[in-house]
Amino acid sequence: MEKGTLRQILLITDGCSNRGGDPVPVAALAYEQGITVNVIGIMEQHESEETSGLQEVENIAASGGGISQLVYPASLSQTVQMVTKQAMTQTIQGFVNKELEAILGKEESLESVDPEKRGEIMEVVEDMGETCKLEVLLLIDTSASMYHKLATVKEALIDLSISLNARVGENEFSMYQFPGKRSDIESIMKWSPNLDGMYDTFPKLASGGITPTGPALQEAIYQFGKQNLVRSMKRSDAQSEEEFL
Amino acid sequence: MMHKAKKNSYNAIPIGTRIRGKWHHHQYVVHKRLGMGAIGAVYLCSMNGRKVALKVSEKNTSITIEVNVLKALQKVQGNQLGPSLYDVDDWVAKDGRTYSFYVMEYIKGEPLDRFIRRNGTNWIGPFLLQLLNDLEGLHLAGWVFGDLKIDNLLIYPKPPRVRLIDVGGTTQQGRAIKEYTEFYDRGYWQLGSRKAEPSYDLFAVVMIFIHLFYPNRFEKQGESLPLLRRKLSAIRALEPYQTCFDKALRGVYKTSAEMKEDVIYIVARQHQTRSSMHKTLPFWKRTTPVEYISTSLITGSAYGIAYLLTL
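Residues numbered from 1 in each chain as written. Chains lettered and ligands numbered in written order. Predicted model: local features only at pLDDT ≥ 70, side-chain atom pairs only at ≥ 80, totals over all residues. Heavy atoms only, no water.

### Structural notes on the packing of aromatic side chains
Residues and elements named next belong to chain B.
So, step 1. Applying the stated criterion across every chain yields a total of 15 aromatic pairs over all chains.
So, step 2. Here the aromatic rings of F183 and Y184 are separated by 5.6 Å at their centres, their planes lie at 85°, and the arrangement is edge-to-face.
So, step 3. Classification of F183 as buried rests on a relative accessible area of 4%.
So, step 4. Take Y184: its relative accessible area is 2%, and that puts it in the buried class.
So, step 5. Joined through ring pairs, the aromatic side chains of F183, Y184, Y188, W189, Y214 and F218 make up one cluster.
So, step 6. Above the face of the Y86 ring, R50 is positioned so that its terminal group lies 4.3 Å from the ring centre.
So, step 7. Over the ring of Y156 we find R163; its NZ or CZ atom is 5.0 Å from the centre of that ring. (Phe/Tyr/Trp six-rings, centres within 6.5 Å; stacked < 30°, edge-to-face > 60°. Buried < 20%, exposed > 50% of the residue type's maximum accessible area, 1.4 Å probe, protein only. Lys NZ or Arg CZ within 6 Å of the ring centre and 35° of its normal.)

Have a look at this one:
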C-alpha cells in the first residue's frame, strides 16, 4: 500500500443485500487490501435500530475495519461526515497502535500510555488526519426503496465534499450506484478532487428492487485497484512520495 | 440528534461517587451533572473542598484532543481564552471500563439567552464586544473557536462577562473545522467553506444573535443570504447592527478587529442618539462616547459601555 493515503469505501444503503452473495466476506477482502469499508444504513421514520433489519450494515463495517451508523434521513449530512472522519482517525490510530506495539511490546496501545504522552501521540494522529491524502469511493444504493431518499443523499454528499475540502490534505472522490441500469454497479462520477461532477449525473431515479451489495463491493475494490495501477504507471519514474509512517 | 444517550456509566455517574485517577491518584467527589454533549458529560465535583468541573468520556481520543487545545490556549499570554485545566487522567469505573477525564475550572454562569431575557437587549452591545475581544485573542494565537453557539457561552456574573466554554470545536487556523452545529455553520448555509479562519467564527457570532430571537431556529430554504437578511431585518433589537452583521455573514471581515471597529462605532452612535435626549449632562458624561468606550476596552471591561447603554 502506498503510504500517506487513506482509502475508504462509503456504502449508503437502506436495506439488506438480496442478490449475488454475502457482502460481509467481501468487506473483509477490502480491508485486507488496505481499504476501509464504512456503512450508513438509512432507516424509515417508523423504524428503529432494532426493527430495521439492517444488522447486515454493522457486520459489513466490522469486517471492513470501518464504522457503521444507522440514521434517519434528517441527520444524514452530519452522520456521513462523522463516519468518514472517525474512520480516518481510527485507521491512523490503528497504524499508530501497531507502531506502539512494536516499541512497547504486545498489548500496548494508546490507552496504556500516560495522558501526557497520549496527548503528544494524538497530536501526530490529528496532523496525519489533516494532511494525508484521502480517497473515498461512494457506493450508493439506488434500489426502489431509496427513491425518496436520493435527494437527501445528494445533499449530504455535497456537504461531505465541503467538509473534506476544508482539509489541508488532498481528496479524491468517485461514485458508483448499485444496481445500475444494465449491471450490478454503474459509475456516476469518475475520480475527481471534489463532488461537483455529480451535479448532473446523480441518479434521480431508483432502479429496480434488487440490492446486489456483495457484487457492488467487489466491483468497488476492483475500481480502487485499477485506479492505483493507472496512477503508479503515470508516475513510474517520478520520485515516490514522502512517507508519513 | 444521532448521538443517542446510551446507558453508559459515564453519563449517569451517581452523586457521591469518588472518581480516582489512575495515573495521578487525585480523587474527585461527584456532586451533580452539569451537562452532556456529543463527547462525554460534565460533572460538578469537589476536590479537597474546591469546586471543579470534570469532563468524562469513553472516547479517550476526543478527550485527549480537547486537552491538547486547552493546554495550547493556556500557553497564550494575555486574556484567558478557555477554562483553566487542572488535571488529566483515566478512571477505571465499577463496570471495569476505563474512561478518560479532565478537570477544569468550574465556571458558574448563566446561559446567554436567559440573561438577555432577564436583563434586556441593552446587553447585546457589551457581550458582542466582549465576544469579539476574546475571539481576537484566540485568532491572534492561531486558533478558531469553531463550534460557536449559545450553548457554548456562559455569562459570568458580577460584572456580567461572556465566557467561551467547550473547546471541542477549536481548530488550528488553516485546517478543517473539527466540530460544528449546522445552524451556526456557514458551510451549511452555503455561504463559505469549513476552513478554520477568523471569518468562520464571525459568521457564527451573527448566528448567535439571530438564534436569540428565533429560539427554535429555522432551516435552509432556497437562497441563504436573502433568507438570513430577512430574518435579521425582522429583529428590532438588532437594527443598529444590520449592516455590520450583513458584512460578517458575507465574510467581508477578515479579522475580529475589523468587525469590532464597526461595532464600537455603532455603539457610540447609539449612545449619542440616546444622550441627545438629556438636556444637561454632568461633566463626566460629557466625554465623547468613543473615548469612553476605548478606555473601558483598555481596562478590559465592557462594563462602562453597558452603563452607557442603559442611560
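### As for the environment of S161(A)
Residues and elements named next belong to chain A.
So, step 1. Positionally, S161 belongs in helix α5 (residues 150-164).
So, step 2. When its relative accessible area of 7% is taken as the criterion, S161 is described as buried.
So, step 3. Note: C-alpha distance between S161 and D196 (35 residues apart in sequence) is 8.6 Å.
So, step 4. When neighbours within four sequence positions are excluded, S161 is seen to be in contact with F173, N194 and L195. (Helix = DSSP H or I, 4+ residues; strand = E, 2+ residues; numbered from the N terminus. Contact = heavy atoms within 4.5 Å.)

### Topic: the nonpolar core
When a protein is soluble and globular, its nonpolar side chains tend to lie buried together.
So, step 1. Residues F209(B), F245(B) and M259(B) are the most contacted members of the largest nonpolar core, which totals 68 residues.
So, step 2. Tallying contributions element by element places helix α4 (residues 198-213) of chain B first for this core, with ten residues.
So, step 3. By size, the runner-up hydrophobic cluster in this structure holds 43 residues, among which are I12(A), V80(A), L138(A) and A156(A). (Core = buried A, V, L, I, M, F, W, Y, C linked by side-chain atoms within 4.5 Å.)

### Quick notes on the sheet that holds strand β5 (residues 85-92) of chain B
Residue and element names in this part refer to chain B.
So, step 1. One open sheet holds the six strands; their spatial order is β1-β2-β3-β4-β6-β5, and the pairing between them is antiparallel. Edge positions in the sheet fall to β1 (18-20) and β5, since each of these pairs with one other strand and no more. Taking each pair of neighbouring strands and ignoring which way they run, the sheet shows an average axis angle of 40°.
So, step 2. One ladder, built from seven bridges, connects β5 with strand β6 (residues 98-105); its direction is antiparallel. From the neighbouring strand, D89 faces β6, where its bridge partner is F101.
So, step 3. Strands β4 (50-57), β5 and β6 of the sheet are contacted by helix α1 (residues 60-75), whose axis makes an angle of about 25° with β6. (Pairing = 2+ DSSP bridges. Axes fitted to C-alpha atoms, helices over the stretch in contact; angles between N-to-C directions.)

### Overview of the environment of Q130(B)
So, step 1. Position of Q130(B) relative to the elements: it lies in helix α3 (residues 124-140).
So, step 2. Expressed as a C-alpha distance, the spacing of Q130(B) and K260(B), which sit 130 residues apart in the sequence, is 9.5 Å.

### Topic: empty space enclosed by the protein
A water-sized probe rolled over the atoms picks out the places where empty space is left.
Residues and elements named next belong to chain B.
So, step 1. Across all of its chains, the model carries two cavities of 30 Å³ or more by this definition.
So, step 2. As a volume, the second largest cavity reaches approximately 30 Å³.
So, step 3. In terms of residue class, the lining of the second largest cavity is built from two nonpolar, two polar and two charged.
So, step 4. The residues that make up the lining of the second largest cavity include at least three from each of domain 1 (17-105) and domain 2 (112-309). (1 Å grid on protein atoms, 1.4 Å probe; cavity = no way out; pocket = protein on both sides within 12 Å on 5 of 7 lines; lining within 4 Å. Points joined across faces, edges and corners; volume = space filled by probe spheres on them. Nonpolar A, V, L, I, M, F, W, Y, C, P; charged D, E, K, R; others polar. Domains from an automatic or database assignment.)

### Observations concerning the packing of helix α3 (residues 76-104) of chain A against α5(A)
All names here are of chain A.
So, step 1. The contact between α3 and α5 brings their axes to 8 Å, and the two run at 45°. The orientation of α3 relative to α5 falls into the category oblique. As for how α3 packs across α5, the hand of that crossing is right-handed. When α3 is examined against α5, the residues L76, S77, V80, Q81 and T84 are found in contact with a partner set consisting of T152, V153, E155, A156, L157, D159, L160, S163 and L164.
So, step 2. Broken down by class, the residue content of the contact of α3 with α5 amounts to seven nonpolar, five polar and two charged. (Parallel < 35°, antiparallel > 145°, perpendicular 65-115°, else oblique. Left-handed = near helix turned anticlockwise from the far one by under 90°.)

### A short note on the confidence of the model for chain B
All names here are of chain B.
So, step 1. Counting all residues, the mean pLDDT for chain B is 86, and 84% of those residues have values of 70 or more.
So, step 2. In this model residues 1-6 is a low-confidence stretch, pLDDT under 50, and it forms eleven contacts with partners more than four residues away in sequence or in other chains.
So, step 3. Taken together, the stretch residues 277-311 has pLDDT below 50 and engages in 40 contacts with residues farther than four places along the chain or on a different chain. (pLDDT = per-residue confidence, 0-100.)

### Some thoughts on the sheet that holds strand β4 (residues 133-141) of chain A
Residue and element names in this part refer to chain A.
So, step 1. Strands sit in the order β3-β2-β1-β4-β5-β6 across an open sheet of six strands; the sheet is mixed. Across the chains shown, the open sheet's two edge strands, defined by having one partner strand only, are β3 (65-71) and β6 (186-192). Between one strand axis and the next, the sheet turns by 15° as a mean value, whatever way the strands run.
So, step 2. Seen against the sheet, helix α2 (residues 55-63) touches β1 (5-13), β2 (35-42) and β3 and runs at an angle of roughly 160° to β3.

### A few points about the environment of K108(B)
Residues and elements named next belong to chain B.
So, step 1. Mapping K108 onto the fold places it in the loop between β6 and α2 (112-119).
So, step 2. K108 sits 49 residues away from P157 along the chain, and the two C-alpha atoms are 8.3 Å apart.
So, step 3. K108 has contacts with Y156 and P157, leaving out every residue within four places of it along the chain.

### Here's the deal with the interface of chain A and chain B
So, step 1. At the junction of the two partners, chain A supplies 31 residues and chain B supplies 28 residues.
So, step 2. Summed over both sides, the interface between chain A and chain B buries roughly 2,600 Å², with carbon and sulfur atoms accounting for 50% of that surface.
So, step 3. When the buried area of chain A at its contact with chain B is split by residue, Q78(A), R118(A) and E126(A) rank highest and sum to 20% of it.
So, step 4. Taken together, the links from chain A to chain B amount to five salt bridges.
So, step 5. The closest approach of N and O atoms between D90(B) and R118(A), which form a salt bridge, is 2.5 Å.
So, step 6. For the side of chain A that touches chain B, the elements supplying multiple residues, two or more each, are α3, α4 (115-131) and α5 of chain A.
So, step 7. In terms of residue count, the dominant contributor to the side of chain A that touches chain B is α4(A) (nine residues). (Buried area = accessible area lost by both parts, 1.4 Å probe. Salt bridge = Lys/Arg side-chain N within 4 Å of Asp/Glu carboxyl O.)

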